[in-house]
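Observations on the three-dimensional arrangement
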Amino acid sequence: MEPDQPQSTPKPSSLRWQILRRALLRRPSDSDNSSEKTSLDKVSRRTRSGFNLIPCHAMNDGGEDPKSLPRRDVCFYYTLPLPNAPKLCLRQRWEDCVDLNDFEVCNRYDIDNTGLVCQWPSEDVLAYYSMSRLDYFRNKRVIELGSGYGLAGFVIASVTEASEVVISDGNPQVVDYIQRNIDANSSALGSTEVKPMILHWDQHEVSDISGAFDIIVASDCTFFKKFHKGLARTIRFLLKEHGPSEAILFSPKRGDSLDKFLVEVKASGLHFTITETYNTEIWRRHNNIINGDHPWPNYESDHCYPLLVSITR
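Conventions adopted
- Residues numbered from 1 in each chain as written.
- Predicted model: local features only at pLDDT ≥ 70, side-chain atom pairs only at ≥ 80, totals over all residues.
- Heavy atoms only, no water.
- Buried < 20%, exposed > 50% of the residue type's maximum accessible area, 1.4 Å probe, protein only.
- Helix = DSSP H or I, 4+ residues; strand = E, 2+ residues; numbered from the N terminus.
- Arc of directions from axis to C-beta.
- Contact = heavy atoms within 4.5 Å.
- Polar contact = N/O pair within 3.5 Å; in protein donor to acceptor, adjacent residues only side chain to side chain.
- Pairing = 2+ DSSP bridges.
- Axes fitted to C-alpha atoms, helices over the stretch in contact; angles between N-to-C directions.
- Salt bridge = Lys/Arg side-chain N within 4 Å of Asp/Glu carboxyl O.
- Core = buried A, V, L, I, M, F, W, Y, C linked by side-chain atoms within 4.5 Å.
- Phe/Tyr/Trp six-rings, centres within 6.5 Å; stacked < 30°, edge-to-face > 60°.

An unreviewed UniProt entry annotates the protein chain as Calmodulin-lysine N-methyltransferase originating from Perilla frutescens var. hirtella.

The following block contains the structure:
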């Protein structure tokens, strides 16, 4: 009888292809193979819970009828940790559920697909941080850039009494979700005017709303270096020219990616500051993850912990 042959460890390149394959083939009812999931976690810094700042759960009753949803969609209820705050029900994709048409749309509009993939942890941080500064947004015109499903934009609209919140993304598929979620949450938005917008970071596309906003918010928008110049110029054109105005971005360093974006910010004639410890609770959870008290595969501060970048004229 021949001895058992030792199993070889899959190479990272092979595991990354498996992540793509799982995303293309997966359906919500599929069950993950536990050994496969463990292997894939070795090369992915993705996490389903993130910093777990705003509790949410998938809905099977109430809101939209699940039978009317495409098989790839789900409604998540977000419970905001504020007294008397409304619940938000956001329709979005199941995580890891994409199709080839998504990539065709990305190629057509020269955009990335990250807004459809999931609700990213930095968006959760931006939404939670916004709830700690309710007075700051009151009666202000606000725009969220590269919003994805726009959790932060919806939080700002529902609890801060902003006069207007524009939730924008360059992906028209994402903006379709935003419009559906505006309709579904109309009773939670009060008197705040909330609008969806397809917005690419090109100067000619922002000419009609140049200088229109008191506050710009964005999260995890500096990952792709090819968009740095356009993002910096868009912030400059959108910020109100007279009176106080500010762009608030949350982004991990990710090697030199954030630094290179800030070079473009400076070249655009804007000023910036960076803050590492900006909220006691977020900092506490960050340290808990580092100490192993909260599961997050391959957590590294450089790639996962968002810094607060404030940009002004």
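Structural notes on helix α11 (residues 280–290)
Of the positions making up α11, those classed as buried are Glu-281, Ile-282, His-286 and Ile-289. Buried residues along α11 cover an arc of 140 degrees about the axis, so they all sit on one side. Elements that come into contact with the buried residues of α11 comprise α5 (121–131) and α12 (301–304). Where α11 begins, the side chain of Asn-279 points an oxygen toward the backbone nitrogen of Glu-281, at a separation of 3.0 Å. Just downstream of α11, Gly-292 is the residue with a positive phi angle, here 85 degrees.

Description of the sheet that holds strand β8 (residues 246–251)
Within a sheet, each strand pairs with its neighbour through backbone hydrogen bonds, oriented either parallel or antiparallel. Ordered in space as β6-β5-β4-β7-β8-β10-β9, the 7 strands form an open sheet in which the pairing is mixed. Strand pairing shows two members of the sheet lacking a second neighbour, β6 (193–198) and β9 (271–275), which therefore form its edges. The average angle at which neighbouring strand axes cross in this sheet is 20 degrees, direction not considered. Bridge count between strand β4 (residues 141–145) and strand β5 (residues 164–169): 4 bridges; the pairing is parallel. Pairing of Ile-143 across the sheet is with Val-166, part of β5. Docked against the sheet, helix α10 (residues 257–267) engages β8, β9 and β10 (307–312), running at close to 10 degrees with respect to β10.

Digging into the environment of Ser-158
Here Ser-158 is to be found in helix α7 (residues 151–159). When the C-alpha positions of Ser-158 and Ala-188 are compared, they lie 5.7 Å apart, and in sequence the two are 30 residues distant. Residues within four places of Ser-158 in sequence aside, it is in contact with Leu-80, Pro-86, Leu-88, Ala-188 and Leu-189.

Section: the side chain of Ser-130
On the secondary structure map, Ser-130 appears in helix α5. Judged by its relative accessible area of 1%, Ser-130 falls in the buried class. Of note is the side chain of Ser-130, whose polar atom sits 2.8 Å from the backbone oxygen of Leu-126. Excluding its chain neighbours within four sequence positions, the residues that come into contact with Ser-130 are Phe-137, Ile-156 and Thr-160.

A look at the pattern of salt bridges
Applying the stated criterion across every chain yields a total of 14 salt bridges. A salt bridge links Lys-229 to Glu-264, with the nearest nitrogen and oxygen atoms 3.3 Å apart. With a gap of 35 residues between them, Lys-229 in helix α9 (residues 228–238) and Glu-264 in helix α10 connect regions that are remote in the sequence. Lys-260 serves as the salt-bridge partner of Asp-256, at 3.5 Å between the closest nitrogen and oxygen. Judged by its relative accessible area of 32%, Asp-256 is partly exposed. For Lys-260, a relative accessible area of 42% corresponds to the partly exposed category. Several salt bridges converge on common partners, so that one network encompasses Arg-141, Glu-164, Glu-193 and Lys-195.

So, the environment of Asn-139
As for its position among the elements, Asn-139 is in the loop between α6 (134–137) and β4. Residues Asn-139 and Asp-214, 75 residues apart in the sequence, show an inter-C-alpha distance of 9.6 Å. Filtering out sequence-adjacent residues up to four positions away, Asn-139 remains in contact with Glu-161, Ala-162 and Ser-163.

Brief notes about the nonpolar core
Leu-145, Ile-235, Leu-238, Leu-249, Phe-261 and Ile-311 are the most contacted members of the largest nonpolar core, which has 77 residues in total. Tallying contributions element by element places α7 first for this core, with 7 residues. Not counting residues up to four positions away in its chain, the partners in contact with Leu-238 are Ile-143, Leu-145, Leu-199, Val-206, Ile-209, Gly-211, Ala-212, Phe-213 and Ile-216.

What to know about the packing of aromatic side chains
Under the defined criterion, the tally for this structure stands at 14 aromatic pairs. Pairing Trp-201 with Phe-227 gives two aromatic rings, centres 6.3 Å apart and planes at 85 degrees, and the pair type is edge-to-face. Of the two residues, Trp-201 is situated in the loop between β6 and β7 (215–219) and Phe-227 in the loop between β7 and α9; the sequence distance between them amounts to 26 residues. Relative to Tyr-299, the ring of Trp-296 has its centre 4.7 Å away and its plane inclined at 70 degrees; by these criteria the two rings are edge-to-face. Taken individually, Trp-296 and Tyr-299 each receive the classification buried, so the pair is uniform in this respect. Through successive ring pairs, a cluster of aromatic residues spans Phe-51, Tyr-129, Phe-250, Tyr-278, Trp-283, Trp-296, Tyr-299 and Tyr-305.

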